[in-house]
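A structural walkthrough
Take a look at the letters that make up each chain.
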Amino acid sequence: MKNVLVVGSLNMDFDVYMERRPLPGETVMAKNLKLVPGGKGANQAYALGKLGVKTAMVGAVGKDSFGQQMLENLHSVCVDTAGILVSETSETGKAFIEVEDNGQNSISVIAGANYEVDGKLIRENRHLFEAADVVVMQLEIPLPAVIEAAQLARECGKMVVIDPAPAKADFPAELYPLIDITKPNETELSVLTGMPTDTEEQVIAAARSLTAKGVGAVLVTLGGNGTMLVTNERLQTFPAYKVKAVDTTAAGDCFLAAFLSAFDGENYADAIDFAARASAIAVTRPGAQTSIPNCEEIQAFRVS
Ligand code: RIB
């Protein structure tokens, strides 16, 4: 049985649904607003828990009702939240998400308590790193904390997975050799590498620039074009399942969690297929954690 530690963000999402997002300077009328537990780290932890993986999380929320709701939602799928700091001074992180009828979105995040995740909190939770098989991070907490967590995970001999989202052009070079698996989409891959990713050849070249820096495996999610796996030995593309998207929020988080729940360290194909099914279901449902399917739903998934 795998044991995963997620080190990352928790946000309350304010989802605003609209026919299309406004252009600069334009006002549009939206249809409705929903408040849903989100945050890339919490979404991944929630999805792992819902898929039956023993999961713990290190992060931070404020001492407010949103923070309480975030913790309760993680408890509902048995995620260990003892490593989540409840800040006396910062509010729970918030994300403002505009979702178009076609499911595409734009996200603005106010980090709040997420920026209180630091080396001290990481070191205080060393026992969670020691107990884990895999440590997963994203980039919505301060980079020094991500570096500290990756170094500690390595020191403890654990698999290190980094979801480079939101992508940062100043991603620290020292992190690359610590990463076993990373999962950028093509936009994040371009920001990360400073290389174009408009064509398949460009995506391959950019992914290879990461393996050349020491990353073990790069999983590039290409939306409707599937997932490309690039390692020193392998280059393979796996298909996506075509569905009618209503909201793509957290689809990448769901993909990564489902992949990790199914990955045995060797068989990428089956784990990627499981993840593609999971994220195909997630995009047909509104919201972040509200869109995550369970194992039975993923196994029963058929494209109609
Ligand atoms: O990946 C989706 C998530 O990004 C949202 O839940 C939002 O909180 C932002 O962190």
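Provided above is the structure to which this section pertains.
What comes next is a walk through the structure. Values in this document were obtained by computation on a predicted structure and should not be read as measured data.

A tally of helices and strands in the protein chain yields ten helices and 13 strands. Here the C-alpha radius of gyration of the protein chain, 18 Å, is about what a compact globule of 304 residues would show, namely 19 Å. Counting only C-alpha atoms and orienting by the principal axes, one finds that the protein chain spans roughly 50 × 45 × 40 Å. Among the 304 residues that make up the protein chain, the fraction classed as buried is 55%. Partitioning the intrachain contacts of the protein chain with sequence separation of at least 6 by distance along the chain shows that 67% fall at a separation of at least 24. In the structure as shown, the protein chain presents an accessible area of about 12,900 Å², 52% of it carried by carbon and sulfur atoms. Here the protein chain contributes 25 positively and 38 negatively charged side chains, and the mean placements of these two sets differ by 3 Å.

Moving on, we come to the side chain of Asp13. Note on placement: Asp13 falls in strand 2 (residues 11–18). Here Asp13 is buried and forms no salt bridge, its nearest opposite-charge partner Lys40 lying at an N-O distance of 8.5 Å. If sequence neighbours within four positions are ignored, Asp13 has contacts with Lys34, Leu35, Val36, Pro37, Gly38, Gly39, Ala95, Ile97, Thr249 and Ala288.

The first and last C-alpha atoms of helix 7 (residues 200–212) sit 18 Å apart over 13 residues, in line with the 18 Å expected at 1.5 Å per residue. Along helix 7, the residues that are buried comprise Val203, Ile204, Ala206, Ala207, Ser209, Leu210 and Thr211. Gly214, located one to two residues past helix 7, shows a positive phi value of around 115°.

Okay, the sheet that holds strand 12 (residues 227–231) next. Spatially, the nine strands line up as an open sheet ordered 5-4-1-8-9-10-11-12-13, and their pairing is mixed. Looking along the sheet, the strands with just one partner apiece sit at the ends: strand 5 (80–87) and strand 13 (235–238). In this sheet, strand 13 lies alongside strand 12 in antiparallel orientation, the contact comprising four bridges. Paired with Thr227 across the two strands is Phe238, which belongs to strand 13. Contacts from helix 1 (residues 40–50) reach strand 1 (3–7), strand 4 (54–62) and strand 8 (134–137) within the one sheet, and its direction differs from that of strand 4 by about 150°. Contacting strand 10 (181–182), strand 11 (217–221), strand 12 and strand 13, helix 7 runs over the sheet at an angle of about 40° to strand 12.

Rules behind the numbers
- Residues numbered from 1 in each chain as written.
- Predicted model: local features only at pLDDT ≥ 70, side-chain atom pairs only at ≥ 80, totals over all residues.
- Heavy atoms only, no water.
- Helix = DSSP H or I, 4+ residues; strand = E, 2+ residues; numbered from the N terminus.
- Rg over C-alpha atoms; globule rule 2.2 N^0.38 Å.
- Buried < 20%, exposed > 50% of the residue type's maximum accessible area, 1.4 Å probe, protein only.
- Contact = heavy atoms within 4.5 Å.
- Areas by Shrake-Rupley, 256 points an atom, 1.4 Å probe, with all protein chains shown as cover.
- Lys, Arg positive; Asp, Glu negative; His and termini not counted.
- Charge placed at Lys NZ, Arg CZ, Asp CG, Glu CD.
- Salt bridge = Lys/Arg side-chain N within 4 Å of Asp/Glu carboxyl O.
- Expected span 1.5 Å × (residues − 1).
- Pairing = 2+ DSSP bridges.
- Axes fitted to C-alpha atoms, helices over the stretch in contact; angles between N-to-C directions.

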